[in-house]
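The residues making up each chain are set out below.
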Amino acid sequence: MSNSKIRVRFAPSPTGPLHMGGVRTALFNFLYARKNKGVFVLRIEDTDQTRFVERAEEYIKESLEWSGMIPDESPWKGGGYGPYRQSERKEIYKPYAQQLIDSGRAYYAFDTPQELDEMREAAAKSKMPNWQYNHVTRQSMKNSLTLSKDEVQRRIDSGEPYVIRIKMERNEEIRFHDAVRGWVVVQSNSLDDKVLFKSDGMPTYHLANVVDDHLMKISHVIRGEEWLPSAPLHIKLYEALGWTDETPVFAHLPLILRPDGKGKLSKRDGDQLGIPVFPLNWTTDDLEEIRGYRESGFFPEAFINILAFLGWNPGTTQEIFSMNELIESFSLERVGKSGAKFDVKKAFWYNQQYLKETPNEDLAKLLIDDVEKINHDVDIETLAIVCGMMKERAVFPHEIISEGKYFFIRPSEYDEKTHRKKWKENTPEILKDLKRLFADAEDFSSKSVEEIFKSYLEEKAIGFGSAGPALRLVLTGKGMGPSLFDIASFLGKKETVARIDLGIEKLS
Ligand code: GLU
């Protein structure tokens, strides 16, 4: 490896909420930078004014912060290679476009959008649906290759709108080595003459991206596979600008696919699967609220773990990785070529693992406001006990409250199915017996409740099924949950007795 410094960048366009695929790209850049003691740059690519969305940049910033990836250089932090918003670098690009014109690697094109549409339509009619402005068709279009020098000058001087297009060579093989995909070979004849500079005086993505990667001394371009088709053009641009030796290493990350592997994971798929595809909530212009991982109750650490495994694997059986462990283990060699299928169950599983690991007191602090809405007498210590009982069976912190409401208020509804199946003629009798025994108990610890309960079963020669589910039903309203004895002990003698009475009354 050369001694030059590793510098990578995440270069989102602020056109809407950042998709989780974008956060995955940011993550792999971040990991690569940290692993190699390099620099993680964030650049906002906002040259396309028509698609610009005001709130999107803030969303990007917040998403990265929540995920634990603070860029070393960014529009907000600054750095030695700024500005980091392309809209603030406008003046930088024109001279490079001019350089390409001067060296014959690019040309002016005066064709109006209507003329281009007409060409496309005419081509489609004669069964050539994919008309392109390329090495063949450019010869019959209005550009500085077909018009005389004077004519070109006259048009420019008179203020006629024009774009600058790259002049793709004919019959050339463009080769580059991608760190993920290996050698990529493309025939230049299959590429069109992309616009580099627009009539509004702004560069297109291609020119701005290459110029900025060069000026910002980017050593590795790690980005999504959707940019692979642009890479040959970028390689040609580096060459045309005289920067071949400084061409960065390219690494195109595999797409994130639907669980069935059929197509990219879209927002609609996410809705169907009940899983977000965005890091944070986002309100659309039509005031539709789109769910994010954060607001759905995912831990940022779990989100990062989920993303890391979308396209990368450690080559071992280890599944839980902290950010530091990821940094330690990450390499581009272990990034796969084929699309990464999103595994919904696994995503929930990751969150569950992090939930289990979170100390009960921390969970209690997180949830205390929600509990106060149900019962304002609950304190942090009490809530922490509930968290300890419930976290094994929850995926999200908020489920501790929604599934465990009965710890804080008496049940108002009782599980229909348990009632139907487990409530027998003699159930009220059994519950009354238990109630008397509980009421007389001196010790109401979980262990003692269990002993009372079990010796009663023995004495009556009945099984757990004849008393347990019904007791749970009257205490919690539910058919399932944590240890019955833990619950009774938590509720205390008085409340347990009261709930048994209430249940018998309501359910018999
Ligand atoms: N602005 C591009 C995007 O929105 C960046 C692509 C690249 O990384 O080169 O993804």
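Provided above is the structure to which this section pertains.
Below is a short write-up of the structure. (Residues numbered from 1 in each chain as written. Predicted model: local features only at pLDDT ≥ 70, side-chain atom pairs only at ≥ 80, totals over all residues. Heavy atoms only, no water.)

### A closer look at the overall build of the chain
Here is step 1 of the chain: A count of helices and strands for the chain gives 21 helices and 13 strands.
Here is step 2 of the chain: Structurally, the chain occupies a C-alpha span of about 110 × 55 × 40 Å along its principal axes.
Here is step 3 of the chain: The buried share of the chain, reckoned over its 508 residues, is 50%.
Here is step 4 of the chain: Across the chain, the fraction of contacts at a sequence separation of at least 24, relative to all contacts at a separation of at least 6, is 71%.
Here is step 5 of the chain: Here the chain contributes 71 positively and 79 negatively charged side chains, and the mean placements of these two sets differ by 4 Å. (Helix = DSSP H or I, 4+ residues; strand = E, 2+ residues; numbered from the N terminus. Buried < 20%, exposed > 50% of the residue type's maximum accessible area, 1.4 Å probe, protein only. Contact = heavy atoms within 4.5 Å. Lys, Arg positive; Asp, Glu negative; His and termini not counted. Charge placed at Lys NZ, Arg CZ, Asp CG, Glu CD.)

### Quick word on the site of the ligand
Here is step 1 of the chain: Around the ligand, the neighbouring residues are Arg9, Ala11, Ser13, Glu45, Tyr205, Asn209, Arg223 and Trp227.
Here is step 2 of the chain: Here an oxygen atom of the ligand sits 2.7 Å away from a polar atom, N or O, in the side chain of Arg9.
Here is step 3 of the chain: The contact in question runs from an oxygen atom of the ligand to an N or O atom on the side chain of Arg223, over 2.8 Å.
Here is step 4 of the chain: In isolation the ligand exposes 290 Å². Once the protein is present, 84% of that is buried.
Here is step 5 of the chain: Of the residues that constitute the shell around the ligand, the class distribution is 3 nonpolar, 2 polar and 3 charged. (Near = heavy atom within 4 Å. Polar contact = N/O pair within 3.5 Å; in protein donor to acceptor, adjacent residues only side chain to side chain. Areas by Shrake-Rupley, 256 points an atom, 1.4 Å probe, with all protein chains shown as cover. Nonpolar A, V, L, I, M, F, W, Y, C, P; charged D, E, K, R; others polar.)

### Focus: the sheet that holds strand S7 (residues 195-197)
Here is step 1 of the chain: Ordered in space as S3-S4-S7, the 3 strands form an open sheet in which the pairing is antiparallel. Bordering the open sheet on either side are strand S3 (106-109) and S7, each of which pairs with just one other strand. Recorded for the sheet is a direction-independent mean angle of 45 degrees between the axes of neighbouring strands.
Here is step 2 of the chain: As paired strands, S3 and strand S4 (residues 163-166) are joined by 4 bridges and run antiparallel to one another. The partner of Ala106 across the bridge, within S4, is Ile166. (Pairing = 2+ DSSP bridges. Axes fitted to C-alpha atoms, helices over the stretch in contact; angles between N-to-C directions.)

### Considerations on the packing of aromatic side chains
Here is step 1 of the chain: One pass over the full model with this rule turns up 29 aromatic pairs.
Here is step 2 of the chain: With 5.1 Å between their ring centres and 55 degrees between their planes, Phe28 and Phe330 make a pair best called tilted. Taken together, the positions of Phe28 in helix H1 (residues 20-35) and Phe330 in the loop between helix H11 (323-329) and strand S13 (340-341) put the pair 302 residues apart, joining distant regions of the chain. There is no split in this pair, since Phe28 and Phe330 are both buried.
Here is step 3 of the chain: A ring pair is formed by Tyr205 and Trp227, whose centres lie 4.5 Å apart and whose planes are at 45 degrees; its orientation type is tilted. Residue Tyr205 is located in helix H6 (residues 205-215), and its partner Trp227 is located in the loop between strand S8 (220-224) and helix H7 (231-240); the two are separated by 22 residues in the primary sequence.
Here is step 4 of the chain: Owing to a relative accessible area of 18%, Tyr205 belongs among the buried residues under this scheme.
Here is step 5 of the chain: A relative accessible area of 32% places Trp227 in the partly exposed class.
Here is step 6 of the chain: Directly above the ring of Trp183 sits Arg175, whose terminal nitrogen or CZ lies 5.2 Å from the centroid.
Here is step 7 of the chain: A cation over an aromatic ring shows up here: Lys346 above the ring of Trp349, its NZ or CZ 4.8 Å from the ring centre. (Phe/Tyr/Trp six-rings, centres within 6.5 Å; stacked < 30°, edge-to-face > 60°. Lys NZ or Arg CZ within 6 Å of the ring centre and 35° of its normal.)

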